[in-house]
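Chain by chain, the residues run as shown.
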Amino acid sequence: AGWRLLLSGPGWLGRRAPRLRAVQRGPAAQFALRQLPDGLRLSDCLLLVDAQHMVRRPHRDAMRGVYVQASPSRCEPYCARFDAAWQESSDCLPATTLGL
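Residues numbered from 1 in each chain as written. Predicted model: local features only at pLDDT ≥ 70, side-chain atom pairs only at ≥ 80, totals over all residues. Heavy atoms only, no water.

1. Focus: the pairing of strand β3 (residues 46-49)
Regular strands have side chains that alternate between both faces of the sheet. Pairing of β3 with strand β4 (residues 54-57) involves four bridges; the strand directions are antiparallel. Pairing of Val49 across the sheet is with Met54, part of β4. Hairpin connection from β3 to β4: four residues lie between these consecutive antiparallel strands. (Pairing = 2+ DSSP bridges. Helix = DSSP H or I, 4+ residues; strand = E, 2+ residues; numbered from the N terminus.)

2. Some points on a nonpolar patch on the surface
A surface patch of nonpolar side chains, about 360 Å² in accessible area, is lined by Leu46, Leu48, Val55 and Tyr67. Relative to the elements of secondary structure, Leu48 occurs in strand β3. For Leu48, a relative accessible area of 45% gives the class partly exposed. (Patch = residues over 30% accessible without salt bridge, like charges linked within 9 Å, V, L, I, M, F, W, Y side chains within 5 Å. Areas by Shrake-Rupley, 256 points an atom, 1.4 Å probe, with all protein chains shown as cover. Salt bridge = Lys/Arg side-chain N within 4 Å of Asp/Glu carboxyl O. Buried < 20%, exposed > 50% of the residue type's maximum accessible area, 1.4 Å probe, protein only.)

3. Details of the sheet that holds β4
Read across the sheet, three strands follow the order β3-β4-β5 without closing on themselves; strand pairing throughout is antiparallel. Of all strands in the sheet, those bounded by a partner on one side alone are β3 and β5 (66-68). On average, each strand axis in the sheet is tilted by 10° relative to the strand beside it, whichever way the strands run. Where β4 meets β5, three bridges bridge the pair, whose relative direction is antiparallel. Residue pairing across strands places Arg56 opposite Val66, the latter belonging to β5. The sheet contacts of helix α3 (residues 72-88) involve β3, β4 and β5, and relative to β3 the element is tilted by about 115°. (Axes fitted to C-alpha atoms, helices over the stretch in contact; angles between N-to-C directions. Contact = heavy atoms within 4.5 Å.)

Next up, the structure:
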């Protein structure tokens, strides 16, 4: 399935992350980028989650985050929230200028 990355605004990533953009253009790109719609904002500034593990930083000014290891029951609500936001988001920053 690969990695999925949701962005509130792709401008900074497009200008300041040339290595990530190079990986995205590579033949074995394993991630997709989408932009959250203006009306939808997640409360977390960072959320990395899969079915068993999670890293979460609630606010960008907060120094502390949360790490969950091997706990599907604690990760499930965040997976569901991420999936719902993914469905409402749109593609952004295509791998090439033509989007191919």
